[in-house]
Amino acid sequence: MCHGAAMAVQVLDGVGGADLGAARMQMALSLGWHIVLACFGVGLPAITLIAEWRGHRGGDSHYRLLARRWAKAMGVLFAVGAVSGTILSFEMGLLWPGMMGVYGEVIGLPFALEGIAFFIEAIFVGIYLYAWDRLPPRAHLLAGVPIVLAGVASAFFVVSANAWMQRPTGFQVKDGRVVSVDPWAAMFNPATPPMTTHMILAAFMVTGFGVASVYAVAMLRGRRDRYHRLGLLLPLTVAAIITPVQIGVGDWAAHAVADQQPVKLAAMEGVFRTGRGVPLHLGGIAIGGEIRYALEIPYGLSLLAHWDPNAVIHGLEEVPPGDRPPVNVVHWAFQIMVACGFALLALAAWLAWEWRRRRDLPRSPWFLRGAAASGVAAVLALEAGWIVTEVGRQPWIVFRVLRTSQAVNPAPGLVYGFVLVTAVYLLLTVATVYVLRRLARDVPVPVAPQERDISGYKVV
Amino acid sequence: MPLPEIMLAVLWVGLTAYVLFGGADFGGGIWDLLAGGAKSGHQQRELIEHSIGPVWEANHVWLIFVIVLTWTGLPSVFAAVASTLYIPLTLAALGIIGRGAAFAFRKVSTELWQRRLFGATFAFSSVVTPFFLGTVAGAIASGRVPLGIARGDLVGSWLNPTSVTAGALAVGVAAYLACVYLTRDAQRAGAADLVAAFRRRALVCGVVVGVLSAAGLIVLRADTPGLYTQLTSGRALPLLLLSVVAGLASLALMWWRAYVAVRLTAALAVTGLLWGWGVGQYPAPLPGVSLDEAAATDAVLAAGLGSLAVGALLLLPSLWWLYATFQRDREK
C-alpha cells in the first residue's frame, strides 16, 4: 500500500519512489517503535509512584516490592526510549531535510520545550532510580513527581509539533522561505488540544493495560498471591478509569479531524462521494472508488461526526486522486483502533461492575484472559491510531503545504539505510523483550511479616 | 548582542556540555572495552558502570538540545548538514542506540554471556559513536557541507583528512576526559589500585590527545587553511593557547595527584579546542553563508531563547542535585 502511495506521488511530482518509500518505512518503523516506549515513559513512573506512595501510607510491603520491580523495568524502558527518541530527532533531518530546512524554525519552540522537559525527566529518573537508598522515603517519592510532570509535558510538546503538521498555522512563506513566524500560534494550533489529550491518555492506557497483562498472565499460571493481585489491580484500575474518558476524547478528536482534515475523515470512514446523511461503514474494502462489503449503519457517520443525521460529509472525490491518502490502510487502522478501544471499555466495565458488587476482581478466568490480552489490544490501538494520524495525512508531510515527496532527502541509497536500521531495530526488539521477560521472571525476594522495611531488597 | 549570535553561543554551550559530560560517558565505554578479561577487568567495569549509570541519560540530552537548537535557530544549515552527512549521522545514531540500550541491558543481566554480549555492544558503540560525530564536526569545520539539500559529496564530505582527524580526536578526548573523571571517582570509592590504573591511563592518554591535537593542526594547515589561520594567528589564537596551557597543566596536576583540580583543567583544555573551532569558523556556519542569512526569524529565536532561559531556572538546580547526590561521599 505504501509503495502504491509512493508510486502515485512519483507520477505527480517526479521524485524517486524507492527511496521515498524506504524513508517513509524507516520513519514509520522508528516512530512506531518509539511510541510504545514513550507511552511507558509517561505512564510507568506514575503507576510506580502510586504503588510506592500506597506502600508507605498503608505499610503494605507488597506495594513497595511492586514499586521496586516497576522501577527496574522503568530503568530499562527509559534508556531504550531515550535512545530510540534521539534517533527520531536525527531522522527529522536525515530523512526530511526539505521540511526541516524550511519549517524547522516554525516547530522549533515545542521541541526546545520538549528538550527541557526531557532533561528534567532524565535528571530525576537518575535520582529516582539510583538514589533509592540514599534519600528518605518522602524525598524519594517527591523526586519521582517531576518525572511524571515532565513526561506528560514532553508528550504534549512533541504531539503539538505533530499537530502542526496536521493543521499548519502561525507562519507565512514567501519564495520558499519562511518570512514571519508566530511560534506560539504554531504550537497552539487547532489540532493541538484534541491530539495531545488523546495521546497522553493513550500513554496511561498502554502502560496500565500493559503492566496489568503481565500480572494477569502470572495469575493465570496460578500465582494468585497478594503481590500479583495488586500488580494486576493497580495498573488495571488506572487504565479502566481512563478508558471511558479516552473514548470521549477520541470522539472530540474525530470531530476536529472532520473540521480540519475532511479528506482524512473520508479515508478513515471510506467515504468517496460527498453527501448528506452519510452511513457509517463497518469493515469493507475500498476497490475502484467505492467501499465494498461493508456493514452500513444509515446516517451513522453524519450523526457521529456532526451530531446531525443530515450533516454533509465531504468525500474523497473533493480532492484529486493524487491528494488522497491510501484509503484501506487508514480505514482499517481506524476500525482496529475503535474496536480495541471498545473491547478495553468492556473489560473496564466488567471490573467496575464486580468491584462495586463484591469489592473483588471478577472470578471468571475469562476476565484474566481479557486482562492478559488488554496490553496487546492497547498497543494495537495505539499503533493503529498513529497510522490513522500519519498515513491519513499523506501525501502531505505538512498538510496542504508541503508534500512528503518534496521533503524527502534526495540523496541516493536511503534504501540501504532503511535495511540497516531495520536490522538494528530487530536486534533491539529481541534484546528488549528478552531482558524484560527476565526481569518479570525474577521471583521477588520474600518479605517476612515482621520486616518493617524492605530496603534490604537490592534492586539497582 | 543580536539574537542569532546569542543563539549560536547557547548552541555552543550545549555542544561543550555534551562533549564534557556525554563525551566522558562514551569514554567510560572505551575504557570498558580496554579493561581486560571478565575477571581482571571486573573492578574497573564496575567503577565505570557506577559512575556513568545515574548520569548518562541526562548527559545525553545535551545532544538532543544541540540538534533541536540547530534546526530551530539555523534550519537551512541543519537540513544541509543532515542531508549531506546522512551516512555518518545514521551510523552515529545506530551507535547511540547500541551504547544506551546495551548499557541498560547489561545492568540488569546476571549471566556472564549476556553481560559479555551487552558489554561488548556497549563498549564498541562507545568508540564508533564519537568517531562518527567527530567526522561530522570535521566536515563542517572544513567547509565540505554546502548550503542546500544533499548538495555535498556524500562520502568525501566526511571521509577526508580533517574529518578523520576530528573523529580520532573525538574518541581521544572522550577517553581522556573519562579517565580523568574516573581517577577521582576511584579515589572516592577508596580503590587505590584503580586510582593508580586510571592515573596512568590519564597521563598516557593526555599525551596522546596532545599529540593528536598537534597533528590535527598540521592537517588543518593543509586541508582547511582558513580555520588554521584563525587558530594560529587570528582571533581564535587565545582559545588555542588556553587549550594548550590547560592541557599541559592537566598533565602536571595528574602527575601530582590533584585529582579534583585536574577535572577543571582537562575540561578547560577541551573547551578551548571547541570554542577555538567555533570562533575560528564564525561567522559562516557553511561556506558562503552568513549567520544572519541562515538564522531563523527573530520571533522564533526570542521565543526559543526565552523558553530556554526559563527552563534553565528549573534545569540548573536539578542538575546540581543530580551531580551532588552521586558525587557526594556515601553516608555510612
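All figures in this text were calculated on a predicted structure; none of them were measured in a lab. (Residues numbered from 1 in each chain as written. Chains lettered and ligands numbered in written order. Predicted model: local features only at pLDDT ≥ 70, side-chain atom pairs only at ≥ 80, totals over all residues.)

(A) Quick peek at the overall build of chain B. A count of helices and strands for chain B gives 13 helices and 0 strands. Listing every helix and strand of chain B by position from the N terminus yields α-α-α-α-α-α-α-α-α-α-α-α-α. Against the 2.2 N^0.38 benchmark of 20 Å for 332 residues, chain B shows a C-alpha radius of gyration of 20 Å, consistent with a compact globule. Along the three orthogonal principal directions, the C-alpha set of chain B runs to about 55 × 35 × 35 Å. Within chain B, buried positions represent 58% of all 332 residues. In chain B, of all internal contacts separated by at least 6 residues, the share reaching a separation of at least 24 is 78%. (Helix = DSSP H or I, 4+ residues; strand = E, 2+ residues; numbered from the N terminus. Rg over C-alpha atoms; globule rule 2.2 N^0.38 Å. Buried ≥ 20, exposed ≤ 12 C-beta atoms within 10 Å, placed from the backbone. Contact = placed C-beta atoms within 7 Å.)

(B) A look at the overall build of chain A. For chain A, the count of helices and strands is 15 helices and 10 strands. By the compact-globule yardstick of 23 Å for 460 residues, chain A fits well, its C-alpha radius of gyration being 23 Å. Based on the C-alpha atoms only, the size of chain A along its principal axes is roughly 75 × 45 × 40 Å. Expressed as a percentage of its 460 residues, the buried residues of chain A come to 55%. Counting only contacts in chain A whose residues sit at least 6 apart along the sequence, the fraction spanning at least 24 positions is 75%.

(C) The interface of chain B and chain A, seen in detail. Taken together, the contacts link 55 residues of chain B with 58 residues of chain A. Residues that form the side of chain B that touches chain A fall into these classes: 40 nonpolar, 14 polar and 1 charged. (Nonpolar A, V, L, I, M, F, W, Y, C, P; charged D, E, K, R; others polar.)

(D) Here's a closer look at the environment of Leu 274 of chain B. Residue and element names in this part refer to chain B. Mapped onto the elements of the fold, Leu 274 is located in helix α11 (residues 261-281). C-alpha of Leu 274 to C-alpha of Thr 297: the two residues are 23 residues apart in sequence and 26 Å apart in space. Ignoring any residue separated from it by four or fewer positions in sequence, one finds Leu 274 in contact with Leu 15, Thr 16 and Val 19.

(E) Quick peek at unusual backbone geometry. Residue Pro 395 of chain A is bonded to the preceding Gln 394 of chain A through a cis peptide linkage, with omega at 0°. Cis geometry marks the peptide bond from Tyr 282 of chain B to Pro 283 of chain B; its omega dihedral reads 5°. Looking at the secondary structure, you find Pro 283 of chain B in the loop between α11 and α12 (291-294). Within the chain, Tyr 293 of chain A stands out as a residue other than glycine whose phi angle is a positive 60°. When you line up the elements, Tyr 293 of chain A lands in the loop between β6 (290-292) and β7 (295-297). Unlike most non-glycine residues, Ala 150 of chain B shows phi in positive territory, near 50°. Within the secondary structure, Ala 150 of chain B is located in the loop between α6 (112-141) and α7 (161-188). Given 19 C-beta atoms within 10 Å, Ala 150 of chain B falls into the partly exposed group.

(F) View of helix α9 (residues 226-260) of chain A. If you check α9 of chain A, its first and last C-alpha atoms are 49 Å apart, about what 35 residues at 1.5 Å a residue would give, namely 51 Å. At Thr 243 of chain A, α9 of chain A is deflected by roughly 30°, the largest bend along its length, and proline Pro 244 of chain A occurs up to four residues later in sequence. (Expected span 1.5 Å × (residues − 1). Bend = angle between axes of the 7 residues up to and from the residue.)

(G) The confidence of the model for chain A, seen in detail. Residues and elements named next belong to chain A. Mean pLDDT over chain A stands at 87; residues scoring 70 or higher make up 92%. Segment residues 1-15: pLDDT under 50, and 31 contacts once partners within four positions in sequence are set aside and those in other chains are kept. Here residues 445-460 is a poorly scored stretch, pLDDT under 50, and it has 18 contacts once near neighbours within four places are set aside; other chains count. (pLDDT = per-residue confidence, 0-100.)

(H) A look at the environment of Ala 150 of chain B. It is 35 Å that separates the C-alpha atoms of Ala 150 of chain B and Leu 268 of chain B, two residues lying 118 residues apart in sequence. In this structure, Ala 150 of chain B is in contact with Asn 409, Pro 410 and Ala 411 of chain A together with Ser 83 and Thr 84 of chain B, ignoring residues within four places of it in sequence.

(I) Broad picture of helix α2 (residues 17-58) of chain A. Residue and element names in this part refer to chain A. Along its 42 residues, α2 runs 61 Å from first to last C-alpha, staying within 8% of the 62 Å computed at 1.5 Å per residue. The largest bend along α2 measures about 30° and falls at Gly 43, with the proline Pro 45 one to four residues further on. Most of α2 is tucked away, with 30 of its 42 residues classed as buried. Note on α2: the residue one or two positions beyond its end, Gly 59, has a positive phi of about 75°.

(J) Main features of the pairing of strand β1 (residues 171-174) of chain A. Residues and elements named next belong to chain A. Where β1 lies against strand β2 (residues 177-181), 4 bridges are found, and the strand directions are antiparallel. Bridge pairing in β2 links Lys 174 to Arg 177. Counted along the chain from β1 to the antiparallel partner β2, the turn is 2 residues long, and its residue Asp 175 has a positive phi close to 55°. (Pairing = 2+ DSSP bridges.)

(K) The packing of helix α8 (residues 192-220) of chain A against α9 of chain A, seen in detail. Residues and elements named next belong to chain A. With their axes 7 Å apart at the nearest point, α8 and α9 run at an angle of 150° to one another. By the angle between their directions, the pair α8 and α9 is classed as roughly antiparallel. For the element pair α8 and α9, the recorded crossing hand is left-handed. Residues belonging to the contact of α8 with α9 are distributed by class as follows: 24 nonpolar, 9 polar and no charged. (Axes fitted to C-alpha atoms, helices over the stretch in contact; angles between N-to-C directions. Parallel < 35°, antiparallel > 145°, perpendicular 65-115°, else oblique. Left-handed = near helix turned anticlockwise from the far one by under 90°.)

(L) Quick look at the packing of helix α1 (residues 3-33) of chain B against α6 of chain B. Residues and elements named next belong to chain B. Contact geometry for α1 and α6: axes closest at 8 Å, N-to-C directions at 130°. Overall, the two elements α1 and α6 adopt an arrangement that is oblique. Note on packing geometry: the crossing formed by α1 with α6 is left-handed. On α6, the residues touching Gly 23, Phe 26, Gly 29, Ile 30, Asp 32 and Leu 33 of α1 are Gly 119, Phe 122, Ala 123, Phe 124, Ser 125, Ser 126, Val 127, Thr 129 and Pro 130. The class makeup of the residues in the contact of α1 with α6 is 8 nonpolar, 6 polar and 1 charged.

(M) Representation of the environment of Val 219 of chain B within the structure. All names here are of chain B. Considering the arrangement of structural elements, one finds Val 219 in helix α8 (residues 192-223). Taking the number of C-beta atoms within 10 Å as the measure of exposure, Val 219 has 21 and is therefore buried. As a C-alpha pair, Val 219 and Pro 161 span 58 residues in sequence and 6.6 Å in three-dimensional space. Those residues in contact with Val 219 that lie beyond four places of it in its chain are Pro 161, Thr 162 and Thr 165.

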